[in-house]
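Residue-level listing of the chains:
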Amino acid sequence: MQEENKKIAIEDVIAKKKQKTKRADTKLIMRAYNYAFSHHGNQCRRSGEPYIIHPLNVAYILADIGLDDSTICAALLHDVVEDTKISFDDLKEYGFPNQIIEAVKALTKQKNESYDVYIDRVIRNPIAKKVKLADMKHNSDITRIKNPSQKDYDRCQKYLDKIQYLINKPLS
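The structure presented is a predicted model; accordingly, all values stated were derived computationally and were not measured.

Undergrad: I tried to follow the overall build of the protein chain on my own but got confused; where do I start?
TA: When helices and strands are tallied, the protein chain shows 10 helices and 0 strands. Each helix (α) and strand (β) of the protein chain, taken in turn from the N terminus, gives the series α-α-α-α-α-α-α-α-α-α. The C-alpha radius of gyration computed for the protein chain amounts to 15 Å, which stays within 12% of the reference 16 Å derived for 172 residues, consistent with globular compactness. Each principal axis of the C-alpha atoms in the protein chain carries an extent, and together these give about 40 × 40 × 30 Å. Taking all 172 residues of the protein chain together, 46% fall into the buried category. With the model as given, the accessible surface of the protein chain reaches about 9,300 Å², and the carbon-plus-sulfur share is 51%. Averaging the positions of the 30 positive and the 24 negative side-chain charges in the protein chain gives two centres separated by 1 Å.

Undergrad: Explain helix H10 (residues 150-168) to me, please; I cannot follow it from the model alone.
TA: Quick reminder: α-helices carry 3.6 residues per turn. Residues three or four places apart thus point the same way. The end-to-end C-alpha separation of H10 is 27 Å, in line with the 27 Å expected for 19 residues at 1.5 Å each. Among all positions of H10, only Asp 152, Arg 155, Cys 156, Ile 163 and Leu 166 are buried. For H10, the arc enclosing every buried residue in end-on projection is 100 degrees, short of the 170-degree limit, so these residues lie on one face. Facing away from the buried side of H10 by more than 90 degrees, the exposed set consists of Gln 150, Lys 151 and Asn 168. For H10, the elements touching its buried residues are helix H8 (115-123) and helix H9 (126-139).

Undergrad: Explain the environment of Val 131 to me, please; I cannot follow it from the model alone.
TA: Topologically, Val 131 is positioned in helix H9. What makes Val 131 buried here is its relative accessible area of 0%. It is 6.9 Å that separates the C-alpha atoms of Val 131 and Thr 71, two residues lying 60 residues apart in sequence. Dropping the residues within four chain positions of it, Val 131 is found in contact with Val 58, Leu 62, Thr 71, Ala 74, Ala 75, His 78 and Leu 107.

Scoring rules and cut-offs
Residues numbered from 1 in each chain as written. Predicted model: local features only at pLDDT ≥ 70, side-chain atom pairs only at ≥ 80, totals over all residues. Heavy atoms only, no water. Helix = DSSP H or I, 4+ residues; strand = E, 2+ residues; numbered from the N terminus. Rg over C-alpha atoms; globule rule 2.2 N^0.38 Å. Buried < 20%, exposed > 50% of the residue type's maximum accessible area, 1.4 Å probe, protein only. Areas by Shrake-Rupley, 256 points an atom, 1.4 Å probe, with all protein chains shown as cover. Lys, Arg positive; Asp, Glu negative; His and termini not counted. Charge placed at Lys NZ, Arg CZ, Asp CG, Glu CD. Expected span 1.5 Å × (residues − 1). Arc of directions from axis to C-beta. Contact = heavy atoms within 4.5 Å.

Taken by themselves, the reported measurements are silent on function.
Here you go:
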């Protein structure tokens, strides 16, 4: 996937962003990264890798297609409210712009919320929709899993199906 599955660092995201668009709000991107890194803390993915690897890869996918700073920041922060004790008010107090916070709100699935309601909210926010597609692209990449099982292949196929659903779902 990303340049032969090399480990992506925040410096790679910023370099790719600058390569594609010739400019980047490095301070804002670093603030989002540092915030996500500090709050995801010792969380790990199923693979055992530090959790921050996932938002970095999502941000890299979006930087690679030349998307804006707010979208990159939303990618870095996309799981911080859902998976940590951080609230939207905390993001606001830290000084993140409203458009980033609104995208993270759209991307945060609420407890007992149906997938349709969640996706309806995501597709109404252009930044959130781009981040969600990159999120699912990263999650569906079977090459990131050493010795994948049938369960892993099934899970990746489920993500690919959800990508199609998100792309084709009309606004309700």
